[in-house]
Amino acid sequence: MKNVTARGIIKTLSPLCQIEKSDKINNKLIVIHRRDKYLVRDAENNLRAISVLAPSSNTIRATIRDLLSADITDALLKKDVKLGYKSLLTLYVGGGGVEGGTKRSLEDIEKLKAQNVVLSLLGASPDKIIAGKTIVGMPVLVCEETVTAGLVPARWYNDYGSLPHYTDVLDIKQLVRHDNLQDYEVVARLSEQGFSEMEAYDMALAAKKAGKGANNEDPEEDKPEKKSETSRQTIYNVETVIPGAIYYHYITIRNPHNVEIGALLGALRRFAKDPYIGGSSSRGYGEISVNYDIAVDDEVIGMLTVNENSSRKFEIDDLSGTALSDALAEYDAYIANITAEQVAI
């Protein structure tokens, strides 16, 4: 049995923000980035746990699923074909929210996987769990602690010289949602009714805020807030990963058919056009580049780059001759000839 693995580096090209939760610290709202925990040895050779900012492997897996599903549904729309609820949900989400029905036989499941590349690669559970072939690894920050712990192969850090500590990649951004209704030129555009509605809202908000302080021991804090203090402006702080952070990552497909290798390449090709993960992409956050070796078992047969230097390009270096190009061509043919029956659930 042969496995095909894309293994290499994800690099942040802008602040990365994958929200896990929000909290108030020192009376300030802060949005917390997700973290992965690792056991590492410190300078005294003691084991300790560290929490490292990182994007989720599940986010990357879901992104691949979305990209492949978009290829399929775009091709069907060009033929004026739309899918039913259950079929579309199974493609994009994997089947959650679908009412249980008659359980499929193993023979039926294998038939579904043979004709639907999303199910074969990533699985689903429309009415019975269908296991996919793809393993999406956890992105591991390339830093002093993870390298010392042996979590990153030498191939992917030897070129970087001295490495940052895991705490060095954290940056806290202060974001402000501006209250345009404090601007006279904007307020002047309100109708008479709209102005009355705004006044009523502001007075209600001031009363609500004053009520929150009713039990304070400090009498100065019990004073009702002024209407001017009921701004819709919001100030909050967001944990982000700094641009330039490097993550080691891999994606493995177990015993794939050629079209499945091509599907992974096709997903990365589409991703290059809109190379963002995580939240706040409307602010430009979450842009990444990808640099992978492609190997069959331990033999590297090619390399690929996605959005290198923000190029929005997908490039393959087919060291094996044409193996990767052929796989991508087979996937393109699969998409060009896709039918609703192939993805119907």
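Structure: see above.
A. Focus on the overall build of the protein chain. When helices and strands are counted, the protein chain shows ten helices and 13 strands. By residue count, 43% of the 345 residues in the protein chain fall in the buried class. Relative to all contacts within the protein chain whose residues are 6 or more apart in sequence, the contacts with residues 24 or more apart total 67%. Of the accessible surface of the protein chain, which amounts to about 18,800 Å², a share of 50% is contributed by carbon and sulfur atoms.

B. Molecular detail of the packing of aromatic side chains. Taken as a whole and judged by the stated rule, the model has one aromatic pair. An angle of 25° between the planes, with centres 6.4 Å apart, marks the rings of Tyr331 and Tyr334 as stacked. Note that Tyr331 and Tyr334 are positioned in helix H9 (residues 323-336) at a spacing of three residues, about one turn of the helix. Overall, Tyr331 belongs to the buried group, its relative accessible area being 1%. Its end group placed over the ring of Trp156, Arg155 keeps NZ or CZ at 3.9 Å from the ring centre.

C. The pattern of salt bridges, seen in detail. Within the structure shown, the criterion is met by nine salt bridges. With a closest N to O distance of 2.8 Å, Glu239 and Arg35 form a salt bridge. Placement of Glu239 in strand S9 (residues 234-241) and of Arg35 in strand S4 (residues 35-41) is noted, with a sequence separation of 204 residues between them. Taking relative accessible area as the criterion, Arg35 reaches 25% and is therefore assigned partly exposed. In this structure, Arg269 engages Asp332 in a salt bridge whose closest nitrogen and oxygen atoms are separated by 2.6 Å. Residue Arg269 is found in helix H8 (residues 258-271), and its partner Asp332 is found in helix H9; the two are separated by 63 residues along the sequence. Among the residues examined, Arg269 registers a relative accessible area of 28% and is labelled partly exposed.

What counts and how
- Residues numbered from 1 in each chain as written.
- Predicted model: local features only at pLDDT ≥ 70, side-chain atom pairs only at ≥ 80, totals over all residues.
- Heavy atoms only, no water.
- Helix = DSSP H or I, 4+ residues; strand = E, 2+ residues; numbered from the N terminus.
- Buried < 20%, exposed > 50% of the residue type's maximum accessible area, 1.4 Å probe, protein only.
- Contact = heavy atoms within 4.5 Å.
- Areas by Shrake-Rupley, 256 points an atom, 1.4 Å probe, with all protein chains shown as cover.
- Phe/Tyr/Trp six-rings, centres within 6.5 Å; stacked < 30°, edge-to-face > 60°.
- Lys NZ or Arg CZ within 6 Å of the ring centre and 35° of its normal.
- Salt bridge = Lys/Arg side-chain N within 4 Å of Asp/Glu carboxyl O.

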